Each structure stands twice: as structure tokens, then as C-alpha cells.
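# Breakdown of the fold
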Amino acid sequence: YDPSTNSWSQKADYIGNNGNGNYGVLSFGMENFGFVGGGQQGPGNEFYKYDPINNVWTSVANTPTSTMNREGFAIEKKGYYMSGNNVYEYNSETDNWSEKNSAPFNISVWNTTFTIDGKGYVKTSSGFWEYKPSIDQWTARANFPGLTTSGAVGFSQNNKGYIVSGYSGSLSNVNSETWEFNPA
């Protein structure tokens, strides 16, 4: 999307799942590239890098586990995702994944993430956690007070985090809540 012309332009098709598309994928953006992989279709651990300058997708190191319905986040030059309580870090400079210290909680599917000031934040059901990659440590933060247990979207803006919509209990019980988190 180009806001100066208010228009969309078709780019190179995603090559994951043998070029057949996917959904429920893991994604994060860093260093001017998009990283996407896994998902509901195909083997579940393929991972790809999109270069928007050259409009090309390339295969990078596979994720250590299947990543369907997983949320990721990026901090500086590293990408992260979780499976159960295992935490994985992707280093784009070496094109390798490494396992970090285990989290003190478990992730199932459709968790919500965002980053603020070099820290990753993960919402799990009503739990809310902060990850400091510089010391590989998790800290419990104030529980999430909203209705959403899964399927929400998270983003950060102006050093605050936001959790929007999602569902509670079942897919038919969706909500329109927006919650703001201030880490200060």
C-alpha cells in the first residue's frame, strides 16, 4: 500500500506451502524484511524472508517446531516465537534458530504479542508477560483485564501496547474491546 497515491500494488506471491498460500502463519518484521512461515497448510516449519526492495521471497532456516497459529515478535535483529513453554530466537545474520530459557508459562495457539522499548510482551488467556532478551528473562506483569482469551491482535505505538478484539471461550463469542498497556 502506498499512502501517497492511496493505492495497492501486487507483489511477488508468497512461496510457502509450495506456492499454494497459507493461513495461521508465524510472522514478524525486522531489518527491512518480512519473515513468514509455518501455518495450517503444509509441513508447518518452513520459513521465508520477503525483500520488499527487490520484491523477492527466499527460503531461510526452518523453524525448530511447527508454527501454526503462533504469534511472533522481533526485537532489534532477532525474531522470537513460542511453542508450549519453549522460546525460540531467530538470528537473521547467521540464519539460525536457537532455543532460549523456557518461559514460566505455556502457550497454546492464538496468543497476542507486541514489543516496546526492546522488550517483548505476550498475552496468554488472562496472563501477561514481559520478555527481556538482553538477559533472557520473563517477568509476570498485571493480568490482562479484558474479555478476550484468544485470537486478539496486538501492536505497539508511542511506547504503549494495544490488544484489540478476539474471542472468549469459543469462536462465536467475539468482542470489540481495545485495551492499552503502559509499561511505565
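For the structure given in this document, a descriptive report is provided here. Fair warning: this is a prediction, and the values are worked out from it, not measured in the lab.

## Some details on the pattern of salt bridges
In total, this model carries six salt bridges according to the counting rule given. For Glu130, the salt bridge identified is with Lys132, shortest N-O distance 3.8 Å. Among the residues examined, Lys132 registers a relative accessible area of 26% and is labelled partly exposed. Across the salt bridge formed by Arg141 and Glu130, the nearest N and O atoms sit 2.6 Å from each other. With Arg141 in the loop between strand E12 (137-140) and strand E13 (153-157) and Glu130 in strand E11 (residues 127-132), this residue pair connects regions lying eleven residues apart in the sequence. Accessibility expressed as a relative area gives 5% for Glu130, which makes it buried. The structure contains a network of salt bridges with shared partners spanning Lys78, Glu89 and Lys100.

## Structural notes on the sheet that holds strand E1 (residues 26-30)
The strands that make up a sheet pair up through hydrogen bonds in the backbone, lying either parallel or antiparallel. Sheet architecture is open: four strands sit in the order E1-E2-E3-E4, paired in antiparallel fashion. Strands at the two margins of the open sheet, each flanked by one partner only, are E1 and strand E4 (56-60). Taken over all neighbouring pairs, the strand axes of this sheet differ in orientation by 25° on average, direction set aside. Relative to E4, strand E3 (residues 47-51) runs antiparallel, the two being bridged by five bridges. Across the sheet, residue Lys49 finds its bridge partner in E4, namely Thr58.

Calculation notes
- Residues numbered from 1 in each chain as written.
- Predicted model: local features only at pLDDT ≥ 70, side-chain atom pairs only at ≥ 80, totals over all residues.
- Heavy atoms only, no water.
- Salt bridge = Lys/Arg side-chain N within 4 Å of Asp/Glu carboxyl O.
- Buried < 20%, exposed > 50% of the residue type's maximum accessible area, 1.4 Å probe, protein only.
- Helix = DSSP H or I, 4+ residues; strand = E, 2+ residues; numbered from the N terminus.
- Pairing = 2+ DSSP bridges.
- Axes fitted to C-alpha atoms, helices over the stretch in contact; angles between N-to-C directions.

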